[in-house]
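# Summary of structural features
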Amino acid sequence: MTTCKEIVILFLGLLFKVSGSGDSTQIYFFEIEFDSSVETDVKGLILNSSTLISANQTVSNASISTVCTWNGNKKQCSCEEGYMWSSDACTKHKCCKTENCTVTDTDTVMCQSNESVSINGSSTMNWNYNDLFDSDNIITPKYKNITKDISNQLKGNFSELPWFDSLVITGFRSGSLIVDYMVQVLGRINLTQLENIATGLEKTQLVTKGLVTITVPKEQPVAIGSSPTVTCKRKEDLGSLKWVLTDTQNKSTTITDGAEAQLRRNKDNDTFTDTVQLQSISGSWKGLFTCEYTKAPITHIATEMLDIALLPDIRASSTPQFPDCTDTTKRIQIRFQCTIKVSTENYTVSWDSSDFSDLRSTSSVTQGDSIHYYAKATVNCEKKLTNELANVTCVFTNNRAKVNGSKNKEEGALTIPIIYSHSIVCDADNLWPKTKSSYTAVLVCDSGVGENRRNCTDGQWGTAISYCVNLGLYDIHKDVEEIGKGLGFIRENADRLISSLKTITTTDTTVNSFANINISVDILKQMNQVSINQSHKWNEAFMPNFVSTISNVLNDTQAWNQTQNANSLSVDYLHTVENMIKNSNLSSGTHKSVNVQLRICNSSKCDSFNVSVKTKQDVVVVAFKNLADILPKTLKNETFDSGTTILSVTAVNGIKSEALEMKFDGIQRRRNHKMYCVYWNDNENEWSSEGCTWGGAFNPMFCNCTHNSASPVLMSKHPVNLPYMEELTYACLGVSIVSLVLCILIEFLVWDTVVKSNIANFRHIALVNISVWLLLAYCAFLGTAEPKKTNSSWCLILTVVKHYCFLAVFFWTLCLSFLLLHQLIFIFEQLRKKVYLAFSITLGYVCPLVCVAVTFIHFDNGAVGKYYSNEACWLTYESGLNGSIFAFIFPVGTIVIINMFTLCVVIMKIVTPAVSEAKARDEKAVVKGIIKTIVFLSPILGITWIFGFLVFLLDLTQKPYAQIVNYAFTILNSLQGFFILLTNCFGEKKVREALLKRFRGKPLAHSKSDHSSKMTSVVKNK
């Protein structure tokens, strides 16, 4: 048997000299055919020959790489240990790695060293680009000579490397003259020597391939959801490492730690190992993996392909969505559709259903970048399905996958509700089909990604909600997700992503929908999470677009409320912004947009919108103008009517927070409504006032917090509640109404008996009028006990009645007051009856009528919200001295002051008696007289209404004084009628005697005694 040995012998010798260089290397390849019996002698001869080629060339190393054995007209070749098939053998003869190779007897195949290295380089040479190419990029006559000179120069440098084989110039570029070339070295490289060569050439960059070995799973393609490992190994330190993935679209991305990738480094003996450990992978990892080690100016790389058997995203639907079987004799054909994106993968589509025996696949249609797969089945309406539902599933199987080759069946599953005669439905409405109650109708988006949904509940259509996501936002979201998986650095993509997000949310008005706002917030949230994972901080350059973006999503606050998730989304938005500020590195600057302002406050007072902030440390203040409209409005079961600008205050660079003072201007606090200085408590998931103090009624817009957080000042939706105030009011009014009725009845019964003089006549006329008008006022007040249930017209009428009656009461008390003053001042001058009656009628009837009429006309002829409020059926108060209530307060206040003056005159009269009585009276009698005067005159003169002014002046938030005054006012004035009955009926001796005479028939003991004309006598006789 004849055996052919093919031996590659490598000679190292001095072929040429380059100035300043050492020995050059030349490699020779020999193919020697000999008989197997002399194999040992031939090997020894060749390997031990030192001058095999010529006298001036020395063989420094020779080795056998390839051994071939004849078999007929074929050669079976294999690589010796430490060798592998060359790229030429792998390409032409499919001889790859270390497997045996069979070729024809005329073919030559060769193995090369496992340590062979290819080098791609670029160097700047001392020639001009125009020396090689003219203005039309056509080769010049100098091209050939210059190219040869450059080639010789480069070879002179690189041939110093042991195992140097060849250098080929691959191209030229302008920029002086940049030369691109490829060097082939068929053995181990000395890195120090290579670095010296690179630094010796001007502006040189080298990329080697062969010093690093890369391995990927042998069994490919790998399955979606698997956890493959990509490993690079090297024998020495080659510099900093960067992993790169080049996908099927030829897009290169740096690999880093992420949700689907973990980078690991290890050293075992003399071997350095770097690993990308993938976990639960998606299709994003299909492509060419490259590990790059860089020690300037040299980069060492290794590449290998990872193939993944992809599975599609499925969108399933049926036509009709809700088959109508109200006619049980019908048979309804349903068409099922499953849609995926166009792909190069080899999918098999199958359909499965236990509810349809005739389910069959019909066709597939490619439309744009989508493929639609169809199937049909028939619903027999006579046969009622279990739970009135039909289930169908389309399953996509990747035929290349060895495991996990089918898509999760849940994604391709369809549940079809059947409408029967007893079913409650929502009738078809334009594009929305007839829908079974308790289910949701779905329409595909006209543009964007997603769908429109509309619930049918108890036969009534709900509001249509768009879950259609803007295509631009969808793409940005996918980019951020890819970075989160470990494909790319956020620092390299942040400016592009935030700029695109700002542009879309600014220019596209369709983004003002819940779905688009939701995905915008999620983009920011994921960006920040990736940034934290990659130890990256947002800088000053990022902030302008960031502020514009977070402002844009607040343009339409109504869009936030399209679903029940509005509160959670608004909280998520606030947290996201706060977390991004905490993860920033800011020192100064102000960034303003329509709805959001960001300021860095350096230990001083600064303003944002209508809020000023004062703190002792450097903080970042983010002010949100209308965020309060969409955030939850609850605090320990308290609901808020409105909120102010919300501040997010964050200490610069994570410094521990200190106390800060905030003042919220431009907010109208409603009277008696408490303001809350709050922050969002993540633990309780609601607003909390812990650590924050409100400035109170005198400084209602001031907040002081002991910590930095998102802080608004919120106004309670309802005024401060006084416990049992309503029950107390109605109970006292009931007593007063009964008392006033009794008082009027008593006056009617005893009139002829007690009214014996003009003074008595005048006094009792005033008393009766006060009682009558107060009774009518109380009745009108009870008529508006439930304003929300009172018709608006009746509310106006009752407001006018109360306004007039209460004014009439006070004007009649003024008549009585004038009467008392006249008697005390003009002791010897009697008041004529006609004069008093004319005066009292004018003052008691006409004056209140004029006041009410003028007020009614002035406030838009009694317009609601101007003259009266529907919420209370009473006069309005706006602010300051504005409001119809002052048409009541001013006259009543004036009268009460006059009446108090009268009371003081009476008291002074008691304190300073006549000279004839001075020695006869003692101090106890004087004190007793004063007390009796106050007790007897205060109810009839309306002095107790002084508490009403205090109620008006004191806000219910001013505890406990406001509560004390309010309860005192309610009790004293609700019982005014009762006090009038006690003091002016039962408290007057003549009235008591008259009543006894009337009911017992007994004569009065002092029936002929005159009623004193002096107020002091009146007080004494009671």
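Residues numbered from 1 in each chain as written. Predicted model: local features only at pLDDT ≥ 70, side-chain atom pairs only at ≥ 80, totals over all residues. Heavy atoms only, no water.

With that settled, consider the packing of helix H10 (residues 725-754) against helix H17 (residues 961-974). For the pair H10 and H17, the least separation of the axes is 8 Å and the interaxial angle reads 20°. Our classification of the angle between H10 and H17 gives roughly parallel. Like other packed secondary-structure pairs, H10 and H17 cross with a definite hand, here right-handed. Of H17, the residues touching H10 (which contributes Met725, Leu728, Thr729, Cys732, Leu733 and Ser736) are Asn966, Tyr967, Thr970, Ile971 and Ser974. (Axes fitted to C-alpha atoms, helices over the stretch in contact; angles between N-to-C directions. Helix = DSSP H or I, 4+ residues; strand = E, 2+ residues; numbered from the N terminus. Parallel < 35°, antiparallel > 145°, perpendicular 65-115°, else oblique. Left-handed = near helix turned anticlockwise from the far one by under 90°. Contact = heavy atoms within 4.5 Å.)

Moving on: the pattern of salt bridges. Applying the stated criterion across every chain, the model contains 20 salt bridges. We note a salt bridge from Glu345 to Lys286, for which the minimum N-O separation is 3.1 Å. Taken together, the residues Glu345 in the loop between strand S22 (331-341) and strand S23 (347-352) and Lys286 in the loop between strand S16 (271-278) and strand S17 (287-295) connect sequence positions 59 residues apart. Classification of Glu345 by relative accessible area gives buried; the value is 8%. For Lys286, a relative accessible area of 16% translates into the label buried. A salt bridge links Asp307 to Arg400, with the shortest nitrogen-to-oxygen separation between them at 2.6 Å. (Salt bridge = Lys/Arg side-chain N within 4 Å of Asp/Glu carboxyl O. Buried < 20%, exposed > 50% of the residue type's maximum accessible area, 1.4 Å probe, protein only.)

It is worth spelling out the packing of helix H12 (residues 792-825) against helix H13 (residues 833-858) at this point. The N-to-C vectors of H12 and H13 enclose an angle of 150°; their axes lie 9 Å apart at closest approach. Looking at the two axes, H12 sits roughly antiparallel to H13. Seen from above, H12 lies across H13 with right-handed handedness. Among the residues making up the contact of H12 with H13, the classes are represented as 23 nonpolar, 4 polar and no charged. (Nonpolar A, V, L, I, M, F, W, Y, C, P; charged D, E, K, R; others polar.)

Together, Val738, Leu742, Leu745 and Phe748 make up a nonpolar patch on the protein surface, roughly 410 Å² of accessible area in all. Summarising the element assignment, Phe748 is placed in helix H10. (Patch = residues over 30% accessible without salt bridge, like charges linked within 9 Å, V, L, I, M, F, W, Y side chains within 5 Å. Areas by Shrake-Rupley, 256 points an atom, 1.4 Å probe, with all protein chains shown as cover.)

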